[in-house]
Amino acid sequence: MVEFEDAMRSAHDAVAATAAATKRDRLLIAARRGDGMDVPEDQLRSLLDVAGALSDAGIPYALIGGIAVSIHSEVPRATQDIDVAIPSSASREAVSAALTEAGFELLGEFPHSLNLRHPSGERVQAAIDPAFDDMIDRAEEVDVAGVAIRIVTRDDLVAMKERSAADPARRRSKALGDRADIELLKGDVPDPDEGW
């Protein structure tokens, strides 16, 4: 477990680096389009607010998606949203109420998710799928800015990404991203000094 503890000491740094990479990429895309960004999005604050709202409401959750990949691989990568898994036994109404009372705007309800927006503009997806239930039970805690954040284990995240990548209905670009995440999680981490 020492290896996990060493990796998790830098969870805050990984989340901050991911947020910076995402912000940088969004600014570059906006600049390319000739658009401005009125309100800077803040993934770190959004993550802390999601975790706080769910914890305060007694709703179990676990961080999944791009930020979880960054924490486990220790490689910052841009991500479009914050993804959390919620147990399928949780009341969708309770999840929605906890997050909207914390200032999140409910954008849509879908069979397996609730999509929300943080007051900063950051998007949040609360995934509700029975396949995540055991993963949420096994989730580990990491310290991010002094807040305990629950995150799925590396092995569970790999399994989740493998399942998504194999889904024939998944958009090809997302499936390829899932495959790249799997490789990062398995240790194929880029070295900035390596050549082509």
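Here the structure is shown first, and the text comes after it.
Now for a description of the structure that goes with this document. (Residues numbered from 1 in each chain as written. Predicted model: local features only at pLDDT ≥ 70, side-chain atom pairs only at ≥ 80, totals over all residues. Heavy atoms only, no water.)

### Quick notes on the packing of helix α4 (residues 65-73) against helix α7 (residues 154-166)
Next up, step 1: Two numbers describe how α4 lies on α7: the axes approach to 10 Å, and their chain directions differ by 135°. As summarised for this structure, α4 and α7 are arranged oblique, according to the angle between their axes. The handedness of the crossing between α4 and α7 comes out as left-handed. For the pair α4 and α7, contact is made by Gly65, Ala68, Val69, His72 and Ser73 and by Arg154, Leu157 and Lys161, respectively.
Next up, step 2: The class makeup of the residues in the contact of α4 with α7 is three nonpolar, three polar and two charged. (Axes fitted to C-alpha atoms, helices over the stretch in contact; angles between N-to-C directions. Helix = DSSP H or I, 4+ residues; strand = E, 2+ residues; numbered from the N terminus. Parallel < 35°, antiparallel > 145°, perpendicular 65-115°, else oblique. Left-handed = near helix turned anticlockwise from the far one by under 90°. Contact = heavy atoms within 4.5 Å. Nonpolar A, V, L, I, M, F, W, Y, C, P; charged D, E, K, R; others polar.)

### Regarding the nonpolar core
Next up, step 1: Ranked by internal contacts, the top residues of the largest apolar core, which has 50 residues, are Leu54, Leu63, Val84, Ile86 and Ile149.
Next up, step 2: Here this core takes seven residues from helix α3 (residues 43-56), the largest share from any one element.
Next up, step 3: When near neighbours in sequence (up to four residues on either side) are disregarded, Leu54 contacts Ile59, Tyr61, Val84, Ile86, Val95 and Leu99. (Core = buried A, V, L, I, M, F, W, Y, C linked by side-chain atoms within 4.5 Å. Buried < 20%, exposed > 50% of the residue type's maximum accessible area, 1.4 Å probe, protein only.)

### Section: the pattern of salt bridges
Next up, step 1: Within the structure shown, the criterion is met by eight salt bridges.
Next up, step 2: Here Arg45 and Asp49 are joined by a salt bridge, their closest N and O atoms 3.0 Å apart. Within this pair, Arg45 and its partner Asp49 are both found in helix α3, separated by four residues, close to a single helical turn.
Next up, step 3: Accessibility expressed as a relative area gives 39% for Arg45, which makes it partly exposed.
Next up, step 4: The closest approach of N and O atoms between Arg138 and Asp156, which form a salt bridge, is 2.9 Å. Of the two residues, Arg138 is situated in helix α6 (residues 133-138) and Asp156 in helix α7; the sequence distance between them amounts to 18 residues.
Next up, step 5: In this structure Arg138 comes out as partly exposed when scored by relative accessible area, which is 43%.
Next up, step 6: By relative accessible area, which is 8% here, Asp156 ends up buried.
Next up, step 7: By sharing partners, the salt bridges in this structure join Arg77, Lys161, Arg170, Asp178 and Asp181 into a single network. (Salt bridge = Lys/Arg side-chain N within 4 Å of Asp/Glu carboxyl O.)

### As for the packing of α4 against helix α8 (residues 172-185)
Next up, step 1: At a closest axis distance of 9 Å, the pairing of α4 and α8 adopts a crossing angle of 25°. Classified by the angle between their axes, α4 and α8 sit roughly parallel to one another. Judged by the sense of rotation from one axis to the other, the crossing of α4 with α8 is left-handed. Here α4 contributes Val69, His72 and Ser73 to the contact with α8, which in turn contributes Asp181, Leu184 and Leu185.
Next up, step 2: For the contact of α4 with α8, the per-class residue count stands at three nonpolar, two polar and one charged.

### A few points about a negative patch on the surface
Next up, step 1: On the surface, Glu183, Asp188, Asp191, Asp193 and Glu194 cluster together to form a negatively charged patch.
Next up, step 2: Relative to the helices and strands, Asp188 is located in the segment after α8. (Patch = residues over 30% accessible without salt bridge, like charges linked within 9 Å, V, L, I, M, F, W, Y side chains within 5 Å. Areas by Shrake-Rupley, 256 points an atom, 1.4 Å probe, with all protein chains shown as cover. Lys, Arg positive; Asp, Glu negative; His and termini not counted. Charge placed at Lys NZ, Arg CZ, Asp CG, Glu CD.)

Everything listed here is a matter of geometry and, on its own, says nothing about what the molecule does.
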